[in-house]
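Coordinate inspection notes
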Amino acid sequence: MRMNRRTLMLGAAALPLVSTIRHAGAQAAEFNYKYANNLPLTHPMNVRAQEAVDNIREETGGRVAIQIFPSNQLGADTDMLSQVRSGGVEFFTLSPLILSTLVANASISGIGFAFPGYDQVWPAMDGELGAYVRGEIEKSNLVVMENIWDNGFRQITSSVGPINTADDLKGFKIRVPVSPLWTSMFSAFESAPASINFAEVYSALQTGIVDGQENPLAIISTAKLYEVQKYLSFTNHMWDGFWFLANKRAWERMPEDVREIVAKNINEAAVKEREDVAALNATVRGELEGHGMIVNEPDTSTFRQKLADAGFYAEWKKNYGDDAWAILEKAVGSSLG
Ligand code: X2X
């Protein structure tokens, strides 16, 4: 359409109306909240979270509008933990092990080689162990949703060679998330762990600051770490998840009936995300090999023995206390250490 003075005037006249309509939609939301996370947009967490916030907006009649900021858009994990505490963001998902920088015992679900598989993970996290950890989180004045989201069993990747035995980890320059447990575990392996927020992992691998990292397959795939890592060793050295956290003042500003709708949809999305991650982890190995990764499946008995010999389990039993440790051992069905 050729622009002339008339169409220009009509267009200009329409602008306030359009912006009013759009703004009215935003204004109709009584609670305009932000949810931050550190995962790529394509990760199942963001797919299911978007469904949840759409359902929440509809079921609350537009009263709650939650905007998702994925992939560290608002800052790295350690910054975001401060933000959700202060109310800078209202929602944030975080690994229990990074959360342990604030809630010490939250990392108990990430003890090395504790969970043999998912058959033990969900009964534990949806049962006594999860309830224990949520109780600890609530003491720090954060609200936590009941269902933990899945990150997955973590695997080691490397640019220098496969990890076949615990000895291969000696001197290995490996990136770990910012958490005392991660640093402790890879120090027990005599590696050289470097604490780096996930936002900087790709570049740290690309520039050779570190030679490797460890993450579940879904993240190795969606964060395209296969572009900067050659070897993938199936160590399954720990299970990891994401607690869905809320700022307490923001949470309590919503009336009870609205809070119930928000919690219901977030918890339902967590269960769907767990199914998605399991499906992805079952299929993504072929994709990663297709991208040139060389995969190996080490015998991890030497890894667990190395941790025991280094006093790792004894150290963390002391850190968490006998009662918490007993809940963990009951949940995983064996004594650890
Ligand atoms: O930082 C990581 O490696 C990640 C994305 O898995 C966590 O959030 C713990």
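A brief structural summary. (Residues numbered from 1 in each chain as written. Predicted model: local features only at pLDDT ≥ 70, side-chain atom pairs only at ≥ 80, totals over all residues. Heavy atoms only, no water.)

What follows covers the overall build of the protein chain. Tallying secondary structure elements over the protein chain gives 14 helices and 12 strands in all. On C-alpha atoms alone, the protein chain measures out to a radius of gyration of 22 Å, which is about the 20 Å that the 2.2 N^0.38 rule sets for 337 residues. Taken over the C-alpha atoms alone, the protein chain extends approximately 80 × 45 × 30 Å along its principal axes. Burial status across the protein chain gives 54% buried among its 337 residues. (Helix = DSSP H or I, 4+ residues; strand = E, 2+ residues; numbered from the N terminus. Rg over C-alpha atoms; globule rule 2.2 N^0.38 Å. Buried < 20%, exposed > 50% of the residue type's maximum accessible area, 1.4 Å probe, protein only.)

To continue, consider helix α5 (residues 118–125). Given 3.6 residues to a turn, an α-helix orients residues that are three or four positions apart in the same direction. Those residues of α5 not exposed but buried are V121, W122, A124 and M125. Take α5 and look down its axis: the buried residues cluster within an arc of 165°, on one side only. Exposed residues on α5 whose side chains face more than 90 degrees from its buried face are D119 and P123. On its buried face, α5 sits against α6 (128–138), β5 (149–153), β11 (239–247), α11 (256–290) and α14 (322–332). (Arc of directions from axis to C-beta. Contact = heavy atoms within 4.5 Å.)

For the rest of this paragraph, the subject is the site of the ligand. In the neighbourhood of the ligand, 13 residues make up the surrounding shell, with N38, N151, R154, R175 and N215 lying closest. Within the contact set of the ligand, an oxygen atom lies 2.9 Å away from a side-chain nitrogen or oxygen of R154. Between the ligand and N215 there is a distance of 2.7 Å, counted from an oxygen atom to a side-chain nitrogen or oxygen. In the complex, the protein chains occlude 100% of the 270 Å² of accessible area that the ligand would expose alone. Across the shell around the ligand, the residue classes break down as 6 nonpolar, 4 polar and 3 charged. (Near = heavy atom within 4 Å. Polar contact = N/O pair within 3.5 Å; in protein donor to acceptor, adjacent residues only side chain to side chain. Areas by Shrake-Rupley, 256 points an atom, 1.4 Å probe, with all protein chains shown as cover. Nonpolar A, V, L, I, M, F, W, Y, C, P; charged D, E, K, R; others polar.)

Topologically, N281 is positioned in helix α11. A polar atom in the side chain of N281 sits 3.1 Å from the backbone nitrogen of A218. Apart from residues lying up to four places away in sequence, N281 is in contact with Y118, L217 and A218.

A general trend in soluble globular proteins is that nonpolar side chains are found buried together. By size, the foremost hydrophobic cluster in this structure holds 58 residues, and its most contacted members are L99 and I111. With sequence-adjacent residues up to four places away left out, L99 is seen in contact with L81, L94, A106, I137, L142, W243 and L245. In this structure, A52, V53, A246 and A250 belong to the second largest nonpolar core, which totals 47 residues. (Core = buried A, V, L, I, M, F, W, Y, C linked by side-chain atoms within 4.5 Å.)

By the secondary structure assignment, P177 is in the loop between β7 (173–176) and α7 (180–188). Residue classification places P177 among the buried positions, given a relative accessible area of 3%. Separated by 87 residues in the primary sequence, P177 and K264 have C-alpha atoms spaced 30 Å apart. The contacts of P177, once residues within four sequence positions are left out, are I98, R154, W182, S195, I196 and E214.

Inspection of the entire model under this criterion finds 16 aromatic pairs. Centroid distance F91 to F244: 5.8 Å. Interplanar angle 55°. Geometry classified as tilted. Of this pair, F91 sits in strand β3 (residues 91–94) while F244 sits in strand β11; the two residues are 153 residues apart in sequence, bridging distant segments of the chain. For the pair F91 and F244, a shared accessibility class is recorded, and that class is buried. Centre to centre, the rings of F115 and W239 are 6.1 Å apart; their planes meet at 85°, and the pair counts as edge-to-face. (Phe/Tyr/Trp six-rings, centres within 6.5 Å; stacked < 30°, edge-to-face > 60°.)

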